[in-house]
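# A look at the structure
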Amino acid sequence: QVQLVESGGGLVQAGGSLRLSCAASRRTFNSYGLGWFRQAPGKEREFIAAIGWSGETRYVDSVKGRFTISRDKTKNTVYLQMNSLKPEDTAVYSCAASPTWPASTAHEYGYWGQGTQVTVSS
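Throughout, a residue's number is its position along its own chain's written sequence, starting from 1. This being a predicted model, a pLDDT of at least 70 is required before a residue's local features are given, and a value of 80 or more before pairs of side-chain atoms are given or counted; all residues contribute to the totals for chains, interfaces and linings. By convention in this description, side-chain values take in all heavy atoms of the structure and omit both hydrogens and water.

Attention shifts here to the state of the cysteines. By definition, a disulfide links the sulfur atoms of two cysteine residues through a covalent bond. Note that a disulfide, as used here, is simply two cysteine sulfur atoms within 2.5 Å. With the rule as written, the count across this model stands at one disulfide. The side chain of Cys22 participates in a disulfide bridge whose partner is Cys95; the two sulfur atoms lie 2.0 Å from each other. Negative torsions about the S-S bond denote left-handed disulfides, and the value of about -75° found for Cys22 with Cys95 makes this one left-handed. With Cys22 in strand E3 (residues 18-24) and Cys95 in strand E9 (residues 91-98), this residue pair connects regions lying 73 residues apart in the sequence. For every residue, the accessible area obtained with a 1.4 Å probe (protein chains only) is divided by the maximum for its type, and the residue is called buried under 20%, exposed over 50%, and partly exposed between those limits. Since its relative accessible area comes to 1%, Cys22 is described here as buried. What counts as a helix is a DSSP run of H or I of at least four residues, what counts as a strand is a run of E of at least two, and both are numbered from the N terminus.

With that out of the way, let us pick up the confidence of the model for the protein chain. Caution applies to low-pLDDT parts of the model: their predicted coordinates are not meant to be read in detail. The predictor attaches a confidence to each residue, called pLDDT, with possible values from 0 through 100. Here the protein chain averages 94 in pLDDT, and 100% of its residues register 70 or above. Of all secondary-structure elements in the protein chain, the lowest mean pLDDT belongs to helix H1 (residues 26-31), at 79, while strand E2 (residues 10-13) reaches the highest, 98.

Two aromatic rings from Phe, Tyr or Trp, using only the six-membered ring of Trp, form a pair when their centres are within 6.5 Å; if the ring planes differ by under 30 degrees the pair is stacked, by over 60 it is edge-to-face, and anything between is tilted. Taken as a whole and judged by the stated rule, the model has five aromatic pairs. Taking the centre distance of 5.8 Å and the plane angle of 85° together, the rings of Tyr32 and Tyr111 count as edge-to-face. Here the residue Tyr32 occupies a position in the loop between H1 and strand E4 (33-39), and Tyr111 occupies one in strand E10 (residues 111-112), the gap between them amounting to 79 residues. Members of the aromatic cluster, joined through ring pairs, are Phe37, Phe47, Tyr109 and Trp112. Stacked on the ring of Tyr79, the Lys or Arg Arg19 has its end atom at 4.1 Å from the ring centre. For a ring to carry a charge above it, either NZ of a lysine or CZ of an arginine must fall within 6 Å of the ring centroid while also lying within 35 degrees of the normal to the ring plane. Arg45 extends its terminal NZ or CZ atom over the ring of Trp112, reaching a point 4.0 Å from the ring centre.

The subject of this paragraph is unusual backbone geometry. The linkage connecting Trp101 with the following residue, Pro102, adopts the cis geometry, with an omega of -5°. Backbone geometry places Asn76, a non-glycine residue, at a positive phi of 50°. Take Asn76: it is sitting in the loop between strand E7 (67-72) and strand E8 (77-82). One non-glycine residue, Ser84, adopts positive backbone phi at about 50°. Structurally, Ser84 is set in the loop between E8 and E9.

Written as structure tokens, this is what we have:
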């Protein structure tokens, strides 16, 4: 069973930083690509970043240079470090797992966490 548990969301001022965490089982961590998506009210779910089992990464253009995805094999955890946050980054952020790589669309991800709210105030 694939389980993903996110944490680290919250309220931050524009220009600030947050780090999201996604804890997975060891099998999931070693066998799946892990990605982050976000969904703002009234908008479609958006791919943000992903990391493959080899460590290769993908980012959407809007977050390049501001967000960094990484993984800690000792903790079976994937992180999304978010810097220089903007009000338009406000959304529910979800971690997801895909058996294929590269994977940057929601339909490629079959397993999802519960999501964590990120709110950026202006």
